[in-house]
Every structure is written in C-alpha cells, then in structure tokens.
Amino acid sequence: MGDMYYVQASDPEIVSKGECGGAVTALFKYLLDNKIVDGILTLKKGQDVYDAIPTYITNSEDLLETAGSLHCAPTMWGGIIKEHLKDQKIAVPVKPCDMKAIVELAKRAQIDLDNVYMIGLNCGGTVPPQTALEMIKLFYEVDPFDVVKEEIDKGKFIIELKDGTHKGIKMHDLEHDGYGRRENCQRCDVKIPRKADVACGNWGVIGEDAGKWTFVEVNTEKGQNLIKDAEKSGYIKTKAPNPKGIEIRDKVEQTMIKMSESGKKAQLETDYPDLSEWDEYFNRCIKCYGCRDACPVCFCVECAIPNFTTKGQIPPEPLMFHGVRMAHMAYSCVNCGQCSDVCPMEIPVAKIFHKVQERTRKESGYQAGVDDTMPPLMDSPCGGQQ
Ligand code: SF4
Ligand code: SF4
Ligand code: SF4
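Definitions and limits used
- Residues numbered from 1 in each chain as written.
- Chains lettered and ligands numbered in written order.
- Predicted model: local features only at pLDDT ≥ 70, side-chain atom pairs only at ≥ 80, totals over all residues.
- Heavy atoms only, no water.
- Helix = DSSP H or I, 4+ residues; strand = E, 2+ residues; numbered from the N terminus.
- Buried < 20%, exposed > 50% of the residue type's maximum accessible area, 1.4 Å probe, protein only.
- Contact = heavy atoms within 4.5 Å.
- Patch = residues over 30% accessible without salt bridge, like charges linked within 9 Å, V, L, I, M, F, W, Y side chains within 5 Å.
- Areas by Shrake-Rupley, 256 points an atom, 1.4 Å probe, with all protein chains shown as cover.
- Salt bridge = Lys/Arg side-chain N within 4 Å of Asp/Glu carboxyl O.
- 1 Å grid on protein atoms, 1.4 Å probe; cavity = no way out; pocket = protein on both sides within 12 Å on 5 of 7 lines; lining within 4 Å.
- Points joined across faces, edges and corners; volume = space filled by probe spheres on them.
- Nonpolar A, V, L, I, M, F, W, Y, C, P; charged D, E, K, R; others polar.
- Near = heavy atom within 4 Å.

Student: Looking at this structure, how should I read the side chain of Arg 182?
Tutor: One can find Arg 182 in the loop between helix H6 (171-176) and helix H7 (183-187). Residue classification places Arg 182 among the buried residues on the basis of a relative accessible area of 4%. Not counting residues up to four positions away in its chain, the partners in contact with Arg 182 are Pro 74, Thr 126, Pro 128, Cys 336, Gly 337, Gln 338 and Asp 341.

Structure (structure tokens):
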C-alpha cells in the first residue's frame, strides 16, 4: 500500500463540478453504477455555501449535485452510519475525524468495515457556518451571501464572490481574533486519513495539473482494487504524481501537524485551566444530554448516566454526569468537536475531553481512531457493549 496517483474523472462534467478533478465523485459513480454499494452517504449544497445537507444517494445521476467541497460543514458520519445504515453497503467521503470515529465504532462492533468504502478527504479544518457568516462580513467586508465558493488553501481562508473575484485572509490572523476554524480543528493532528481506503486531496498537485487532478494515496487493498477497477471501467484516468508534488504534499502535511501541535499547546496547556477547575464549566450544564448524543464514540446501548445522576437535578453532579462519560471516553475521544458544537451552554466539552485523551495517549501510546488495537479499558463498563 501507499501507492500514489494523480486521478481525474473521465466525465468532463464531473471534472468541471469537482473540487480538483472530480476523482471522488467519479469513484462514487463507479461504485453505484456497478452495484458494488447500495448508496452513497454524502453532502450536498443547500441554500448557500454555508448550508450543507447530508444526503443518501442511490441514483448516480444525483451525484453531480454533491461534487465540490464545503468547508462550513462540521458534519460527522460515524453516528449516522451506526444508527441508520448499518445493514447497507455504502461509500462515504470521510474527513480524518469521520474516519477515526468509524474506526472506533467498528472496534465496538457498531459498524462493519466490510460494508463501508471510506473515501478519505485530506482536511485542513472546517468553519462553523455562523462563524463563517460573521467573519466574512467583519474581515472581508463583503455580503456573505455574495460568496459562491470558499476554500482553505496555503494557510488562508479564501472566498470567491459572484463577480468572480477572490479574497483571502490568513487563518492565523482570523483565529487570533477568535474566528476561523473550529477550535478542535485547530488542535487536530491527523490531516491525511490513512485508515480510509484511499485518501484524496489537492495537496501535491502542482503546475498545470493544479485544480484539475486529485492526489490519491492508496491505503488498503480494497482502495487499490477500487482505483484499478474504476480506471479499467473508464470512470477515472490516473497518472503518476509529480515527484516534486509528493514532496510538497509531505511538507504541507508536516506544516499542518506543527500548527496543530501549537494549537494543542495554546488551547490545552496555556489557556485552559487545570482540570481541578472543571466545576466552573460544568456548573453551567443544563443536562440536555446533547454532548452524549452528538458524540460518535459514546454509544452504550443503555446509557449508565441516568442511573448515576439524580432526576430533576440541574446542574448534574459533574463527576456523575461528565465523569462517567469521561471514564468511557478518556482513551477514545477522537477530537471531532461535536460535543462542543452542540452544547447550548458553550461549555468547552471537546477541549476537556481532548485534553484527557492527549494525556492517556501520552501515557499508553494509544491514539483513538488511528491505532488498530482495542483501546485500553475496553473491558470497562462501556467496553464492547453491543
Ligand atoms: S477535526 Fe480534523 S479532520 Fe475533523 S474537520 Fe477538523 S481538521 Fe478536519
Ligand atoms: S467527546 Fe466530544 S470531541 Fe470527543 S469524540 Fe465525543 S463528541 Fe467528539
Ligand atoms: S451539551 Fe452542554 S449543557 Fe448539554 S449535557 Fe452536555 S455539557 Fe451539559
């Protein structure tokens, strides 16, 4: 494994609609047309670029409207597959955090990886839709609804306006002022999803190929066969990547990882108070269970928390509510940020859980969603519940 290609859709319409060569859409079309999968779980643009709608596609003619990337879409596929598509054969585009959640769920027998084609997408981060709207008004000084396309490239958040003009501002500057990518994305250190069958992106596609081809790294035998068969059937074209492009892709990845290390340092060590002060946050908790419900890895069929907490008591006793969840998640949090995104009281739940995961990772070496082994403590009360 580890083979690398430049890949392009054979269908010119897919190439023009795709983000960079349309490889992902063409692979989906191949899988669906040839009945290798029952459906494709993916996103389509809703009202505007800030509105991404999860959609399950069973007719390949509908795939065109899903081509292209949406960076204001902090979605998570793990829970949706586990809840609704467990018995289907599917393909799904996965950011590294989706991949990590799916891997952890598979370890807990909640998803069968034989049923899932994970088409990985390299990810530099996502921006919450509301933050993007405000940020574009404030920093770019344009009407956010004039934006027809957005992308994160070379450390900048770039927007394209109706009139064809572009504006870009450094992520660093936006994040310094509390905008830009979600906080968990600023701490995310898996940028290329190497547990997915293939990992696709535009990093490393250079010169006249830039924007027209997708860089694909093959991670599994299933991924290797997919590329070979899709090419043989005429859905995609491949060529060897430019060696300089491989070097550049590697540099981009290393730079992004370095950025995430400083993000972690700033957010988890400097800004963030000691864990002994966690009451200060959890006293705001209204016990809505949003963090538990949104967490892709927190899956116990029968949640123990209601038994440990007193009915009607708000805030819940932090140790019994968040502590129990923590005991289940300390090794397994994949830093997807969903818990913080949904918390109505703006408690930095993901930061707290990620901080603990980083500590257990240091101590045990176990990295959730990346390691093949079972997490330590899987024999704890939550371990392997089915
Ligand atoms: S957590 Fe990582 S993989 Fe997930 S959206 Fe953020 S940067 Fe991308
Ligand atoms: S605890 Fe929060 S950040 Fe961690 S996996 Fe669950 S939802 Fe994601
Ligand atoms: S989402 Fe926030 S308010 Fe709701 S239970 Fe979790 S921490 Fe408490």
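Still to come is the rest of the account.
Student: Looking at this structure, how should I read a nonpolar patch on the surface?
Tutor: Residues Ile 286, Ile 314 and Met 345 make up a contiguous nonpolar surface patch of about 250 Å² in total accessible area. Position of Ile 314 among the secondary structure elements: in the loop between helix H12 (305-308) and helix H13 (318-329). What makes Ile 314 exposed here is its relative accessible area of 54%.

Student: What exactly am I supposed to notice about the layout of surface pockets here?
Tutor: A water-sized probe rolled over the atoms picks out the places where empty space is left. The volume enclosed by the second largest pocket comes to roughly 570 Å³. Those elements that place two or more of their residues in the lining of the second largest pocket are H7, helix H14 (338-342) and helix H15 (349-364). No other element matches H7, which puts four residues into the lining of the second largest pocket. Residue composition of the lining of the second largest pocket, by class: six nonpolar, seven polar and eight charged.

Student: I tried to follow unusual backbone geometry on my own but got confused; where do I start?
Tutor: Among all residues save glycine, negative phi is the norm, and among peptide bonds the norm is trans. Omega for the peptide link from Ile 314 to Pro 315 comes to -5 degrees, which places this bond in the cis form. Its place among the elements puts Pro 315 in the loop between H12 and H13. Positive phi, normally seen in glycine, also occurs at Lys 35, with a value near 55 degrees. The topology assignment puts Lys 35 in the loop between helix H2 (23-33) and strand E2 (39-45). Lys 35 sits in the exposed class, given a relative accessible area of 72%. Although it is not a glycine, Lys 154 adopts a positive phi angle of roughly 45 degrees. Along the chain, the position of Lys 154 falls in the loop between strand E6 (147-153) and strand E7 (156-161). A relative accessible area of 78% means that Lys 154 is categorised as exposed.

Student: Got a minute to help me understand the site of ligand 3 in this structure?
Tutor: In the neighbourhood of ligand 3, 13 residues make up the surrounding shell, with Cys 285, Cys 288, Tyr 289, Cys 291 and Cys 343 lying closest. Within the residue set of the shell around ligand 3, elements represented by two or more residues are helix H11 (290-294) and H13.

Spatial relationships are all this shows, so hold off on functional conclusions.
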